[in-house]
Amino acid sequence: MVLQGYAGYPLFWLLRIDELLICKLRHILVTKSKLERREAEEPVPLFYALLYGRELLVFTIALTYCSMTPFMLPFAAFYFAIAYLVAKYNVLNVYPTHHEGMRMTSVVMDRVIIAVLLYQVIMLGVFSLK
């Protein structure tokens, strides 16, 4: 989590190197007209399922480790602070907006409840072994 928080996730999501390479390759190899070039340069839509999946995995790991080792709490807080800033910038300024509807809220809440239940099962196992 510390390595992903400091070097991996925020930096690569802010720079979006993979999307830049795909866009340039598509621009060079596929496009022939100005309209196709303009369409190739548009950013791909944000896949919220991938974003929530990664964030909930880190949340579950952070919740578990912060309970066992409080030393991890500043690192988890730093990770979520940087991830919040990067996500806010990308959602507001980079990705096109699409209306997801209320269905997204139920999916997110179900996943948060599963993450907290997983945390409770892990903590039950850890405390029963001590």
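Residues numbered from 1 in each chain as written. Predicted model: local features only at pLDDT ≥ 70, side-chain atom pairs only at ≥ 80, totals over all residues. Heavy atoms only, no water.

A.B. asks: How should the overall build of the protein chain be read in this particular structure?
C.D. replies: A tally of regular secondary structure across the protein chain gives six helices and zero strands. When the elements of the protein chain are put in sequence order from the N terminus, they spell out α-α-α-α-α-α. Taken over 130 residues, the protein chain has a buried fraction of 26%. Across the protein chain, contacts joining residues at least 24 apart in sequence account for 78% of those joining residues at least 6 apart. Of the roughly 9,500 Å² that the protein chain leaves accessible, carbon and sulfur atoms contribute 71%. (Helix = DSSP H or I, 4+ residues; strand = E, 2+ residues; numbered from the N terminus. Buried < 20%, exposed > 50% of the residue type's maximum accessible area, 1.4 Å probe, protein only. Contact = heavy atoms within 4.5 Å. Areas by Shrake-Rupley, 256 points an atom, 1.4 Å probe, with all protein chains shown as cover.)

A.B. asks: Is there a simple way to explain a nonpolar patch on the surface in this structure?
C.D. replies: On the surface, Leu25, Ile28, Leu29 and Val30 cluster together into a nonpolar patch covering about 440 Å² of accessible area. Judged by its relative accessible area of 51%, Val30 falls in the exposed class. (Patch = residues over 30% accessible without salt bridge, like charges linked within 9 Å, V, L, I, M, F, W, Y side chains within 5 Å. Salt bridge = Lys/Arg side-chain N within 4 Å of Asp/Glu carboxyl O.)

A.B. asks: Where do I start with the packing of helix H2 (residues 17–29) against helix H3 (residues 34–41) in this structure?
C.D. replies: Each packed pair of helices is defined by two parameters, the angle between the axes and the distance between the axes. Their axes nearest at 9 Å, the elements H2 and H3 cross at an angle of 170 degrees. Between H2 and H3, the crossing angle belongs to the class labelled roughly antiparallel. Here Cys23, Arg26 and His27 of H2 come into contact with H3, specifically with Arg37, Ala40 and Glu41. Per-class residue counts for the contact of H2 with H3 are two nonpolar, one polar and three charged. (Axes fitted to C-alpha atoms, helices over the stretch in contact; angles between N-to-C directions. Parallel < 35°, antiparallel > 145°, perpendicular 65-115°, else oblique. Nonpolar A, V, L, I, M, F, W, Y, C, P; charged D, E, K, R; others polar.)

A.B. asks: For this particular structure, what's the right way to read the side chain of Thr64?
C.D. replies: Within the element layout of this structure, Thr64 appears in helix H4 (residues 48–68). Setting aside anything within four residues of it in sequence, one finds Thr64 in contact with Tyr119, Ile122 and Met123.

A.B. asks: Where do I start with the confidence of the model for the protein chain in this structure?
C.D. replies: Any segment with low pLDDT has predicted coordinates that should not be analysed in fine detail. Averaged over every residue, the pLDDT of the protein chain is 77; the share at 70 or more is 80%. Per-element averaging of pLDDT across the protein chain places helix H1 (residues 2–15) at the bottom with 61 and helix H5 (residues 73–93) at the top with 84. (pLDDT = per-residue confidence, 0-100.)

A.B. asks: It is not clear to me how the packing of aromatic side chains should be interpreted in this structure. Could you clarify?
C.D. replies: To describe a pair of aromatic rings, you give the distance between the ring centres and the angle between the ring planes. A full pass over the atoms with the stated rule returns two aromatic pairs. Ring centres of Phe71 and Phe75 lie 5.4 Å apart, and the angle between their planes is 70 degrees; on these two criteria the pair is classed as edge-to-face. When its relative accessible area of 23% is taken as the criterion, Phe75 is described as partly exposed. Seen in terms of ring centroids, Tyr79 and Phe80 are 5.2 Å apart; in terms of plane orientation they differ by 80 degrees. Their pairing is edge-to-face. (Phe/Tyr/Trp six-rings, centres within 6.5 Å; stacked < 30°, edge-to-face > 60°.)

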